[in-house]
Amino acid sequence: MTIIIDPQCSGISGNMIIGALADLGADKDKLKEIMKKSAQIVGEINVDFEKINKQGIDAMYCHVEMLDKNRHVHYNELVDKINALELDEDVKKTSINIFKRIAIAESKVHGKPLEEIHFHEVGASDAVADIIGSVWAYYSLNLDKENIIGLPIAVGGGQVKTSHGVLPVPAPAVLEILKDLNFKGGPVLSELATPTGCAIYAELCDEIKEFIPLINGANVGYGAGSKDFEHPNILRIIQSSSTDENDEIDVIETNIDHLTGEEIGYLFDVLLEEGASDVSITPTIMKKNRQGSLLKVISKRDKREKLVNLIFKETGSLGIRINPNIHRGLAKREFVKKTFE
(Lines give C-alpha, C1' and ligand atoms only; values in the text may rest on other atoms or scores of the structure.)
Protein backbone atom coordinates (compact mmCIF):
# COMPACT_ATOMS: atom_id res chain seq x y z
CA MET A 1 0.00 0.00 0.00
CA THR A 2 1.04 3.59 -0.65
CA ILE A 3 -0.06 6.82 1.05
CA ILE A 4 0.34 10.09 -0.87
CA ILE A 5 0.11 13.50 0.82
CA ASP A 6 -0.76 16.02 -1.89
CA PRO A 7 -0.35 19.74 -0.94
CA GLN A 8 0.44 20.91 -4.50
CA CYS A 9 -2.43 23.42 -4.86
CA SER A 10 -3.35 24.72 -1.41
CA GLY A 11 -0.44 23.94 0.85
CA ILE A 12 -0.70 22.22 4.20
CA SER A 13 -1.69 22.90 7.81
CA GLY A 14 -2.33 20.80 10.89
CA ASN A 15 -6.12 20.98 10.74
CA MET A 16 -6.11 20.19 7.00
CA ILE A 17 -4.13 17.00 7.72
CA ILE A 18 -6.56 16.03 10.49
CA GLY A 19 -9.52 16.75 8.22
CA ALA A 20 -8.12 14.57 5.44
CA LEU A 21 -7.34 11.71 7.84
CA ALA A 22 -10.82 11.96 9.34
CA ASP A 23 -12.26 11.90 5.82
CA LEU A 24 -10.23 8.72 5.20
CA GLY A 25 -11.94 7.10 8.17
CA ALA A 26 -10.23 8.10 11.42
CA ASP A 27 -12.74 8.12 14.32
CA LYS A 28 -13.85 11.76 14.69
CA ASP A 29 -15.28 11.36 18.21
CA LYS A 30 -12.08 9.75 19.45
CA LEU A 31 -10.06 12.44 17.65
CA LYS A 32 -11.98 15.17 19.48
CA GLU A 33 -11.25 13.47 22.79
CA ILE A 34 -7.54 13.06 22.04
CA MET A 35 -7.15 16.63 20.78
CA LYS A 36 -8.94 18.22 23.75
CA LYS A 37 -6.99 16.14 26.25
CA SER A 38 -3.63 16.91 24.63
CA ALA A 39 -4.32 20.63 24.33
CA GLN A 40 -4.88 20.92 28.09
CA ILE A 41 -1.11 20.92 28.61
CA VAL A 42 -1.11 24.43 27.11
CA GLY A 43 -4.69 25.70 27.03
CA GLU A 44 -8.35 24.78 26.57
CA ILE A 45 -9.80 24.31 23.08
CA ASN A 46 -13.02 23.43 21.32
CA VAL A 47 -12.88 20.93 18.43
CA ASP A 48 -15.53 20.21 15.83
CA PHE A 49 -15.71 18.44 12.46
CA GLU A 50 -17.89 19.54 9.57
CA LYS A 51 -18.23 18.44 5.94
CA ILE A 52 -18.05 21.58 3.81
CA ASN A 53 -17.78 22.32 0.10
CA LYS A 54 -14.71 24.08 -1.29
CA GLN A 55 -15.32 25.25 -4.87
CA GLY A 56 -17.24 22.10 -5.73
CA ILE A 57 -15.18 19.63 -3.68
CA ASP A 58 -16.63 18.11 -0.49
CA ALA A 59 -13.98 18.11 2.24
CA MET A 60 -13.77 17.57 6.01
CA TYR A 61 -13.09 20.72 8.00
CA CYS A 62 -11.57 20.42 11.46
CA HIS A 63 -12.36 23.57 13.42
CA VAL A 64 -10.11 24.20 16.41
CA GLU A 65 -10.92 27.17 18.66
CA MET A 66 -8.42 28.28 21.29
CA LEU A 67 -10.09 29.40 24.55
CA ASP A 68 -6.89 30.45 26.32
CA LYS A 69 -4.32 32.24 24.16
CA ASN A 70 -2.09 33.59 26.92
CA ARG A 71 -0.46 30.45 28.35
CA HIS A 72 3.11 29.72 27.31
CA VAL A 73 5.41 26.78 27.95
CA HIS A 74 9.08 26.08 27.23
CA TYR A 75 9.94 23.40 24.70
CA ASN A 76 11.51 21.08 27.29
CA GLU A 77 8.46 21.44 29.53
CA LEU A 78 6.22 20.63 26.57
CA VAL A 79 8.15 17.40 25.91
CA ASP A 80 7.73 16.37 29.56
CA LYS A 81 3.99 17.07 29.43
CA ILE A 82 3.54 15.04 26.23
CA ASN A 83 5.43 12.10 27.75
CA ALA A 84 3.02 12.22 30.72
CA LEU A 85 -0.08 11.86 28.50
CA GLU A 86 -1.92 8.52 28.44
CA LEU A 87 -1.19 7.78 24.78
CA ASP A 88 0.59 5.04 22.85
CA GLU A 89 4.36 5.41 22.95
CA ASP A 90 4.56 5.64 19.14
CA VAL A 91 2.11 8.55 19.16
CA LYS A 92 4.07 10.41 21.85
CA LYS A 93 7.45 9.73 20.23
CA THR A 94 6.35 10.87 16.75
CA SER A 95 4.58 13.95 18.17
CA ILE A 96 7.73 14.97 20.07
CA ASN A 97 9.81 14.51 16.90
CA ILE A 98 7.46 16.89 15.07
CA PHE A 99 7.65 19.51 17.83
CA LYS A 100 11.43 19.18 17.79
CA ARG A 101 11.49 19.98 14.06
CA ILE A 102 9.54 23.17 14.72
CA ALA A 103 11.58 24.12 17.79
CA ILE A 104 14.89 23.59 15.95
CA ALA A 105 13.65 25.80 13.10
CA GLU A 106 12.53 28.53 15.52
CA SER A 107 15.80 28.22 17.44
CA LYS A 108 17.85 28.79 14.29
CA VAL A 109 15.67 31.62 12.99
CA HIS A 110 15.66 33.53 16.29
CA GLY A 111 19.18 32.66 17.38
CA LYS A 112 18.10 31.10 20.68
CA PRO A 113 19.13 27.79 22.30
CA LEU A 114 16.51 25.08 22.03
CA GLU A 115 15.79 25.10 25.77
CA GLU A 116 14.91 28.82 25.62
CA ILE A 117 12.25 28.42 22.95
CA HIS A 118 8.82 29.29 24.36
CA PHE A 119 5.83 27.37 23.16
CA HIS A 120 4.20 30.51 21.78
CA GLU A 121 7.03 30.47 19.23
CA VAL A 122 6.47 26.78 18.50
CA GLY A 123 2.69 27.22 18.31
CA ALA A 124 -0.15 27.30 20.80
CA SER A 125 -2.78 24.93 22.13
CA ASP A 126 -4.19 24.48 18.63
CA ALA A 127 -0.75 23.35 17.39
CA VAL A 128 -0.54 20.79 20.21
CA ALA A 129 -3.98 19.48 19.30
CA ASP A 130 -3.20 19.47 15.56
CA ILE A 131 0.08 17.58 15.93
CA ILE A 132 -1.00 14.98 18.47
CA GLY A 133 -4.37 14.59 16.72
CA SER A 134 -2.73 14.10 13.31
CA VAL A 135 -0.29 11.53 14.67
CA TRP A 136 -3.00 9.62 16.53
CA ALA A 137 -5.21 9.54 13.41
CA TYR A 138 -2.23 8.43 11.32
CA TYR A 139 -1.54 5.47 13.59
CA SER A 140 -5.23 4.66 14.09
CA LEU A 141 -5.53 4.05 10.33
CA ASN A 142 -2.45 1.78 10.44
CA LEU A 143 -0.59 4.11 8.08
CA ASP A 144 2.63 3.58 10.04
CA LYS A 145 3.17 0.40 8.03
CA GLU A 146 2.69 2.08 4.66
CA ASN A 147 4.97 3.89 2.23
CA ILE A 148 4.26 7.62 2.74
CA ILE A 149 5.01 9.80 -0.31
CA GLY A 150 4.90 13.60 -0.22
CA LEU A 151 4.28 15.75 -3.29
CA PRO A 152 5.68 19.33 -3.51
CA ILE A 153 4.12 21.83 -1.11
CA ALA A 154 2.58 25.06 -2.43
CA VAL A 155 3.65 27.66 0.13
CA GLY A 156 1.72 30.65 -1.28
CA GLY A 157 3.17 34.14 -1.51
CA GLY A 158 2.99 37.72 -0.26
CA GLN A 159 3.31 38.55 3.44
CA VAL A 160 1.95 37.25 6.74
CA LYS A 161 1.42 38.93 10.13
CA THR A 162 3.13 37.11 13.02
CA SER A 163 4.05 37.80 16.64
CA HIS A 164 7.40 38.95 15.23
CA GLY A 165 5.84 41.42 12.79
CA VAL A 166 5.10 41.20 9.07
CA LEU A 167 7.16 38.48 7.39
CA PRO A 168 7.49 37.28 3.80
CA VAL A 169 5.81 34.03 2.73
CA PRO A 170 7.04 31.42 3.31
CA ALA A 171 7.76 32.48 6.87
CA PRO A 172 11.36 31.84 8.05
CA ALA A 173 10.39 28.85 10.22
CA VAL A 174 8.54 27.22 7.31
CA LEU A 175 11.51 27.82 5.03
CA GLU A 176 13.84 26.24 7.58
CA ILE A 177 11.63 23.15 8.01
CA LEU A 178 11.30 22.68 4.24
CA LYS A 179 14.90 23.51 3.29
CA ASP A 180 15.68 19.93 2.23
CA LEU A 181 12.25 19.19 0.69
CA ASN A 182 10.39 20.08 -2.52
CA PHE A 183 8.19 23.17 -2.38
CA LYS A 184 7.01 25.94 -4.68
CA GLY A 185 5.53 29.44 -4.47
CA GLY A 186 1.93 30.39 -5.27
CA PRO A 187 -0.63 29.89 -6.59
CA VAL A 188 -2.07 32.79 -4.52
CA LEU A 189 -0.78 35.73 -2.47
CA SER A 190 -1.54 34.15 0.86
CA GLU A 191 0.19 31.93 3.43
CA LEU A 192 -0.66 28.33 2.53
CA ALA A 193 1.90 26.31 4.50
CA THR A 194 2.13 26.57 8.29
CA PRO A 195 5.08 25.42 10.42
CA THR A 196 2.82 22.84 12.07
CA GLY A 197 1.62 21.36 8.79
CA CYS A 198 5.10 21.35 7.26
CA ALA A 199 6.67 19.67 10.30
CA ILE A 200 4.01 16.90 10.31
CA TYR A 201 4.57 16.39 6.57
CA ALA A 202 8.37 16.27 6.97
CA GLU A 203 8.18 13.74 9.81
CA LEU A 204 5.64 11.38 8.24
CA CYS A 205 6.85 11.24 4.63
CA ASP A 206 9.28 8.47 3.73
CA GLU A 207 9.93 9.84 0.23
CA ILE A 208 9.34 13.10 -1.67
CA LYS A 209 8.31 12.87 -5.33
CA GLU A 210 7.36 15.42 -7.98
CA PHE A 211 4.56 13.29 -9.40
CA ILE A 212 2.11 10.63 -8.26
CA PRO A 213 3.68 7.20 -8.96
CA LEU A 214 1.86 4.39 -10.70
CA ILE A 215 -0.94 3.31 -8.32
CA ASN A 216 -4.31 1.61 -8.31
CA GLY A 217 -7.37 1.25 -6.09
CA ALA A 218 -7.26 4.78 -4.66
CA ASN A 219 -9.18 5.87 -1.55
CA VAL A 220 -9.02 9.66 -1.08
CA GLY A 221 -9.56 11.88 1.95
CA TYR A 222 -10.02 15.65 1.57
CA GLY A 223 -9.14 18.11 4.35
CA ALA A 224 -10.47 21.66 4.03
CA GLY A 225 -8.55 24.84 4.81
CA SER A 226 -10.18 27.84 6.46
CA LYS A 227 -9.55 30.30 3.61
CA ASP A 228 -11.50 30.58 0.36
CA PHE A 229 -9.81 30.99 -3.03
CA GLU A 230 -10.83 30.67 -6.67
CA HIS A 231 -9.49 27.11 -6.52
CA PRO A 232 -10.55 24.47 -3.94
CA ASN A 233 -8.59 25.10 -0.73
CA ILE A 234 -8.07 21.45 0.16
CA LEU A 235 -5.38 18.96 1.09
CA ARG A 236 -5.85 15.46 -0.22
CA ILE A 237 -4.38 12.27 1.18
CA ILE A 238 -4.52 9.29 -1.16
CA GLN A 239 -4.47 5.71 0.11
CA SER A 240 -3.79 3.27 -2.68
CA SER A 241 -2.41 -0.06 -3.74
CA SER A 242 0.89 0.48 -5.51
CA THR A 243 1.86 -1.84 -8.36
CA ASP A 244 4.83 -3.90 -7.27
CA GLU A 245 5.80 -4.57 -10.87
CA ASN A 246 6.94 -1.00 -11.65
CA ASP A 247 9.55 1.36 -10.35
CA GLU A 248 11.10 4.69 -11.35
CA ILE A 249 14.88 5.11 -11.47
CA ASP A 250 17.65 7.27 -12.91
CA VAL A 251 20.45 5.75 -15.00
CA ILE A 252 23.90 7.39 -14.68
CA GLU A 253 26.61 6.61 -17.27
CA THR A 254 30.14 7.65 -18.09
CA ASN A 255 33.06 6.24 -20.12
CA ILE A 256 36.32 5.38 -18.33
CA ASP A 257 39.70 4.73 -20.02
CA HIS A 258 42.28 5.78 -17.46
CA LEU A 259 41.59 3.76 -14.29
CA THR A 260 43.32 0.54 -13.28
CA GLY A 261 41.38 -2.61 -12.51
CA GLU A 262 41.95 -2.06 -8.79
CA GLU A 263 40.58 1.50 -9.00
CA ILE A 264 37.52 0.35 -10.94
CA GLY A 265 36.90 -2.40 -8.35
CA TYR A 266 37.08 0.18 -5.56
CA LEU A 267 34.68 2.49 -7.43
CA PHE A 268 32.24 -0.40 -7.92
CA ASP A 269 32.17 -1.14 -4.18
CA VAL A 270 31.95 2.45 -2.95
CA LEU A 271 29.02 3.28 -5.29
CA LEU A 272 27.01 0.38 -3.85
CA GLU A 273 27.94 1.40 -0.31
CA GLU A 274 26.70 4.96 -0.98
CA GLY A 275 23.24 3.84 -2.13
CA ALA A 276 23.40 2.81 -5.79
CA SER A 277 20.71 0.24 -6.59
CA ASP A 278 23.04 -1.50 -9.05
CA VAL A 279 26.41 -0.92 -10.75
CA SER A 280 27.72 -2.47 -13.95
CA ILE A 281 31.01 -2.02 -15.80
CA THR A 282 31.15 -3.12 -19.45
CA PRO A 283 34.34 -3.33 -21.58
CA THR A 284 34.08 -1.09 -24.65
CA ILE A 285 36.13 0.44 -27.48
CA MET A 286 36.34 4.23 -27.37
CA LYS A 287 37.58 6.79 -29.91
CA LYS A 288 40.97 6.13 -31.52
CA ASN A 289 40.36 2.44 -30.76
CA ARG A 290 41.24 2.89 -27.09
CA GLN A 291 40.06 0.19 -24.75
CA GLY A 292 37.84 1.49 -21.97
CA SER A 293 34.88 0.71 -19.75
CA LEU A 294 31.28 1.90 -19.66
CA LEU A 295 30.21 2.62 -16.08
CA LYS A 296 26.44 2.37 -15.59
CA VAL A 297 24.78 3.12 -12.24
CA ILE A 298 21.10 2.60 -11.39
CA SER A 299 19.98 5.15 -8.81
CA LYS A 300 16.91 6.26 -6.91
CA ARG A 301 16.23 9.96 -7.47
CA ASP A 302 17.14 10.98 -3.93
CA LYS A 303 20.57 9.31 -4.33
CA ARG A 304 21.37 10.68 -7.79
CA GLU A 305 23.17 13.89 -6.90
CA LYS A 306 25.34 12.17 -4.29
CA LEU A 307 26.32 9.39 -6.70
CA VAL A 308 27.06 11.81 -9.57
CA ASN A 309 29.35 13.86 -7.33
CA LEU A 310 31.06 10.67 -6.18
CA ILE A 311 31.72 9.58 -9.77
CA PHE A 312 33.20 12.98 -10.61
CA LYS A 313 35.43 12.80 -7.54
CA GLU A 314 36.66 9.23 -8.00
CA THR A 315 37.06 9.13 -11.81
CA GLY A 316 37.89 12.70 -12.79
CA SER A 317 35.31 12.34 -15.57
CA LEU A 318 34.63 15.45 -17.65
CA GLY A 319 31.03 14.50 -18.36
CA ILE A 320 28.34 12.22 -16.97
CA ARG A 321 25.14 11.21 -18.79
CA ILE A 322 21.94 11.07 -16.76
CA ASN A 323 18.76 9.41 -18.04
CA PRO A 324 16.08 10.47 -15.53
CA ASN A 325 12.70 8.91 -14.73
CA ILE A 326 13.34 5.55 -16.37
CA HIS A 327 10.51 3.07 -15.72
CA ARG A 328 11.49 -0.51 -15.04
CA GLY A 329 9.49 -3.65 -14.45
CA LEU A 330 10.06 -5.58 -11.25
CA ALA A 331 9.38 -9.25 -10.69
CA LYS A 332 7.33 -10.01 -7.61
CA ARG A 333 9.49 -11.72 -5.05
CA GLU A 334 9.56 -12.90 -1.47
CA PHE A 335 12.17 -14.26 0.88
CA VAL A 336 11.59 -17.82 2.07
CA LYS A 337 13.73 -19.32 4.80
CA LYS A 338 14.38 -23.03 4.37
CA THR A 339 16.26 -25.43 6.56
CA PHE A 340 18.10 -28.30 4.90
CA GLU A 341 18.67 -31.55 6.74
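Relevant structure appears above.
Residues numbered from 1 in each chain as written. Predicted model: local features only at pLDDT ≥ 70, side-chain atom pairs only at ≥ 80, totals over all residues. Heavy atoms only, no water.

A. Highlighting the side chain of S107. With respect to the helices and strands, the residue S107 is situated in helix α4 (residues 89-110). A distance of 2.3 Å separates a polar side-chain atom of S107 from the backbone oxygen of K112. Non-local contacts of S107, meaning those with residues more than four positions away in its chain, are made with K112, P113, L114 and I117. (Helix = DSSP H or I, 4+ residues; strand = E, 2+ residues; numbered from the N terminus. Polar contact = N/O pair within 3.5 Å; in protein donor to acceptor, adjacent residues only side chain to side chain. Contact = heavy atoms within 4.5 Å.)

B. Structural view of helix α8 (residues 195-204). Among the 10 residues of α8, 8 are classified as buried, and the element is accordingly described as predominantly covered. Those residues of α8 that fall on the buried side of the exposure criterion are T196, G197, C198, A199, I200, Y201, A202 and L204. (Buried < 20%, exposed > 50% of the residue type's maximum accessible area, 1.4 Å probe, protein only.)

C. Region of interest: empty space enclosed by the protein. What the rule picks out here adds up to 1 cavity of 30 Å³ or more. Every residue along the wall of the largest cavity is listed here: I3, I5, I17, L21, Y138, L143, I148, I200, Y201, L204 and I237. If you list the elements that add at least two residues to the lining of the largest cavity, you get β1 (2-6), α1 (14-24) and α8. With 3 residues, the top contributor of residues to the lining of the largest cavity is α8. For the lining of the largest cavity, a count of residues per class yields 11 nonpolar, no polar and no charged. (1 Å grid on protein atoms, 1.4 Å probe; cavity = no way out; pocket = protein on both sides within 12 Å on 5 of 7 lines; lining within 4 Å. Points joined across faces, edges and corners; volume = space filled by probe spheres on them. Nonpolar A, V, L, I, M, F, W, Y, C, P; charged D, E, K, R; others polar.)

D. Representation of the pattern of salt bridges in the model. Enumeration according to the criterion identifies 17 salt bridges in this entry. Its salt-bridge partner being E207, residue K209 comes within 3.4 Å of it at the nearest N-O pair. Relative accessible area serves as the criterion here: at 15%, K209 is assigned to the buried category. Bridged by salt links that share partners, the residues K108, E176 and K179 form one connected network. (Salt bridge = Lys/Arg side-chain N within 4 Å of Asp/Glu carboxyl O.)

E. Examining the packing of α1 against helix α6 (residues 125-140) more closely. Where α1 meets α6, the axes come as close as 9 Å, and the angle between the chain directions of the two elements is 25 degrees. Taken together, the axis directions place α1 and α6 in an arrangement best described as roughly parallel. Judged by the sense of rotation from one axis to the other, the crossing of α1 with α6 is left-handed. Residue-level contacts link G14, N15, I17, I18 and L21 of α1 to A129, D130, G133, S134, A137 and Y138 of α6. Among the residues making up the contact of α1 with α6, the classes are represented as 6 nonpolar, 4 polar and 1 charged. (Axes fitted to C-alpha atoms, helices over the stretch in contact; angles between N-to-C directions. Parallel < 35°, antiparallel > 145°, perpendicular 65-115°, else oblique. Left-handed = near helix turned anticlockwise from the far one by under 90°.)

F. Structural detail: the packing of α4 against α6. Contact geometry for α4 and α6: axes closest at 9 Å, N-to-C directions at 135 degrees. In terms of orientation, α4 lies oblique with respect to α6. For the crossing formed where α4 meets α6, the hand is right-handed. Between α4 and α6, the residues in contact are D90, V91, T94, S95, I98, F99 and I102 and A127, V128, I131, I132, V135, W136 and Y139, respectively. Its residues assigned to classes, the contact of α4 with α6 shows 11 nonpolar, 2 polar and 1 charged.

G. Helix α9 (residues 261-273), seen in detail. For α9, which comprises 13 residues, the first-to-last C-alpha distance of 19 Å matches the rise-based estimate of 18 Å (1.5 Å per residue) to within 8%. Those residues of α9 not exposed but buried are I264, L267, V270 and L271. In an axial view of α9, the angular spread of the buried residues amounts to 130 degrees, which keeps them on one side of the axis. For α9, the exposed residues lying more than 90 degrees away from the buried face are G261, E262 and E273. G275, located one to two residues past α9, shows a positive phi value of around 115 degrees. (Expected span 1.5 Å × (residues − 1). Arc of directions from axis to C-beta.)

H. Here's a closer look at unusual backbone geometry. Residue V169 is joined to P170 through a cis peptide bond whose omega torsion reads 0 degrees. Mapped onto the elements, P170 comes out in the loop between β7 (165-168) and α7 (172-177). Phi is positive for Q55, which is not a glycine, with a value near 50 degrees. By the element assignment, Q55 lies in the loop between β2 (45-54) and β3 (57-66).

I. Just the side chain of S240, in detail. You can see S240 is positioned in strand β11 (residues 234-242). For S240, a relative accessible area of 0% puts it in the buried group. Apart from the residues lying within four places of it in its own chain, the contact partners of S240 are M1, T2, I215, N216, G217 and A218.

J. Here's a closer look at the pairing of strand β4 (residues 147-150). Of the strand pairs in this sheet, β1 and β4 are connected by 4 bridges, and their pairing is parallel. Across the sheet, I5 pairs through a bridge with G150, a residue of β4. As judged from the 2 bridges shared by β4 and strand β9 (residues 207-208), these two strands associate in the parallel manner. Looking at the pairing, I149 lines up with E207 of β9. (Pairing = 2+ DSSP bridges.)

K. Quick look at the packing of aromatic side chains. A complete count under the given rule lists 1 aromatic pair for this structure. Note on Y138 and Y139: the rings are 4.9 Å apart at their centroids and 70 degrees apart in plane angle, and the pair reads as edge-to-face. Judged by relative accessible area, Y138 falls into the buried class, the value being 10%. (Phe/Tyr/Trp six-rings, centres within 6.5 Å; stacked < 30°, edge-to-face > 60°.)

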